[in-house]
Amino acid sequence: RKEVEQDPGPFNVPEGATVAFNCTYSNSASQSFFWYRQDCRKEPKLLMSVYSSGNEDGRFTAQLNRASQYISLLIRDSKLSDSATYLCVVSPGGGATNKLIFGTGTLLAVQP
Amino acid sequence: EAGVAQSPRYKIIEKRQSVAFWCNPISGHATLYWYQQILGQGPKLLIQFQNNGVVDDSQLPKDRFSAERLKGVDSTLKIQPAKLEDSAVYLCASSLPIGTGPYEQYFGPGTRLTVT
């Protein structure tokens, strides 16, 4: 079983649509959770951290369910500029390392 | 603020040849990471440095890959000899020292390696 599993995609949605990505992780001791965004042939960039209480940043909402080991990302009112690969990322934490474990990513294509 | 710098951006070599990649992290970032990203996959950590010491190299194929960060700033990653399956993008990232939080890692543009 992969450490971080994501919906394979691709997701093709029209502008203005709401789209949700899901992710599960296998290590119950994981401490930190993130969504990174990666544009085609570019480096990954942090989109947002994910907290147990849920957090929102504009049109983006992230949720964490530790009991189910499940992470989600919701994008409302999709824009053409949201087209990218969204990477679910988990860190085991523990103080001795800042290692990030990436999922394979979900490709989003927003259509005009 | 300058970001993470990497060179070269692209490299094509034949199998069994050697290759080296260079990374200069963001100023003040004590922690440096090398990731390998194969097409269609997420990045995979190869090695992590804190200053000039290795924190984690558990996924580094040590029979052919080596990395160093002698003065705690720049780093080089070497592959010798290269195999076809080493074709990937090699990403360097840096962050503030472990323990300071919030642990955001900043990535460089990567080196795209093709082994023929």
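Here the structure is a predicted model, which means the values were calculated and not measured.

Asks: Got a minute to help me understand the nonpolar core in this structure?
Replies: A general tendency of soluble globular proteins is for nonpolar side chains to be buried together. All names here are of chain A. Ranked by size, the top nonpolar core spans 24 residues in total, and within it Phe-21, Trp-35, Ile-71, Leu-73, Ile-75, Tyr-86 and Leu-108 carry the most contacts. For this core, the secondary-structure elements that each account for two or more residues are strand 3 (19-25), strand 4 (32-38), strand 7 (60-65), strand 8 (70-75), strand 9 (84-91) and strand 11 (106-111). Not counting residues within four places of it along the chain, the set of residues in contact with Leu-73 comprises Val-19, Ala-20, Phe-21, Trp-35, Leu-47, Met-48, Phe-60, Thr-61 and Tyr-86.

Asks: In this structure, what is going on with the pattern of salt bridges? I would like to understand it.
Replies: Oppositely charged side chains are able to pair whenever their charged atoms sit close together. Taken as a whole, this structure holds 6 salt bridges over all chains when the rule is applied. For Asp-77 of chain A, the salt bridge is made with Lys-79 of chain A, and the minimal N-O distance between the two is 2.9 Å. Residue classification places Asp-77 of chain A among the partly exposed positions, given a relative accessible area of 35%. For Lys-79 of chain A, a relative accessible area of 33% gives the class partly exposed. Salt-bridge contacts for Asp-86 of chain B lead to Arg-64 of chain B; the nearest nitrogen and oxygen are separated by 2.5 Å. On the criterion of sequence distance, the pair formed by Asp-86 of chain B in the loop between strand 8 (75-79) and strand 9 (88-95) and Arg-64 of chain B in the loop between strand 6 (53-56) and strand 7 (65-68) is long-range, its members being 22 residues apart.

Asks: What is the right way to read the pairing of strand 11 of chain A from this model?
Replies: On a regular strand, each side chain points to the face opposite its neighbour's, so the side chains alternate between the two faces of the sheet. Residues and elements named next belong to chain A. Alternating positions in strand 11 separate cleanly, Thr-106, Leu-108 and Val-110 being buried on one face and Leu-107, Ala-109 and Gln-111 remaining unburied on the opposite face. With 4 bridges connecting them, strand 2 (residues 11-14) and strand 11 associate as parallel partners. In the sheet register, Phe-11 faces strand 11, and the bridge partner there is Leu-108.

Asks: Explanation requested: the sheet that holds strand 8 of chain A in the structure shown.
Replies: Strand pairing in a sheet takes place through backbone hydrogen bonds and is either antiparallel or parallel in direction. Residues and elements named next belong to chain A. Within the open sheet, the 5 strands sit side by side as 1-3-8-7-6. Their pairing is antiparallel. Both outer strands of the open sheet, strand 1 (4-6) and strand 6 (55-57), are each paired with one neighbouring strand and no more. Across the sheet, the axes of successive neighbouring strands diverge by a mean angle of 20°, strand direction being ignored. With 6 bridges joining them, strand 3 and strand 8 adopt antiparallel strand pairing. Across the sheet, residue Phe-21 finds its bridge partner in strand 8, namely Leu-73.

Asks: What should I look at first to understand the state of the cysteines in this one?
Replies: Applying the stated rule across the entire model yields 2 disulfides over all chains. Paired through a disulfide, Cys-23 of chain A and Cys-88 of chain A show a sulfur-sulfur distance of 2.0 Å. An S-S torsion of about -75° defines the bridge between Cys-23 of chain A and Cys-88 of chain A as left-handed. Taken together, the residues span a long stretch of sequence, with Cys-23 of chain A in strand 3 and Cys-88 of chain A in strand 9 at a distance of 65 residues. Here Cys-23 of chain B pairs with Cys-92 of chain B through a disulfide, and the sulfurs are 1.9 Å apart. Negative torsions about the S-S bond denote left-handed disulfides, and the value of about -70° found for Cys-23 of chain B with Cys-92 of chain B makes this one left-handed. On the criterion of sequence distance, the pair formed by Cys-23 of chain B in strand 3 (residues 19-24) and Cys-92 of chain B in strand 9 is long-range, its members being 69 residues apart. A relative accessible area of 0% places Cys-92 of chain B in the buried class.

What counts, and where the lines are drawn
- Residues numbered from 1 in each chain as written.
- Chains lettered and ligands numbered in written order.
- Predicted model: local features only at pLDDT ≥ 70, side-chain atom pairs only at ≥ 80, totals over all residues.
- Heavy atoms only, no water.
- Core = buried A, V, L, I, M, F, W, Y, C linked by side-chain atoms within 4.5 Å.
- Buried < 20%, exposed > 50% of the residue type's maximum accessible area, 1.4 Å probe, protein only.
- Helix = DSSP H or I, 4+ residues; strand = E, 2+ residues; numbered from the N terminus.
- Contact = heavy atoms within 4.5 Å.
- Salt bridge = Lys/Arg side-chain N within 4 Å of Asp/Glu carboxyl O.
- Pairing = 2+ DSSP bridges.
- Axes fitted to C-alpha atoms, helices over the stretch in contact; angles between N-to-C directions.
- Disulfide = S-S within 2.5 Å.

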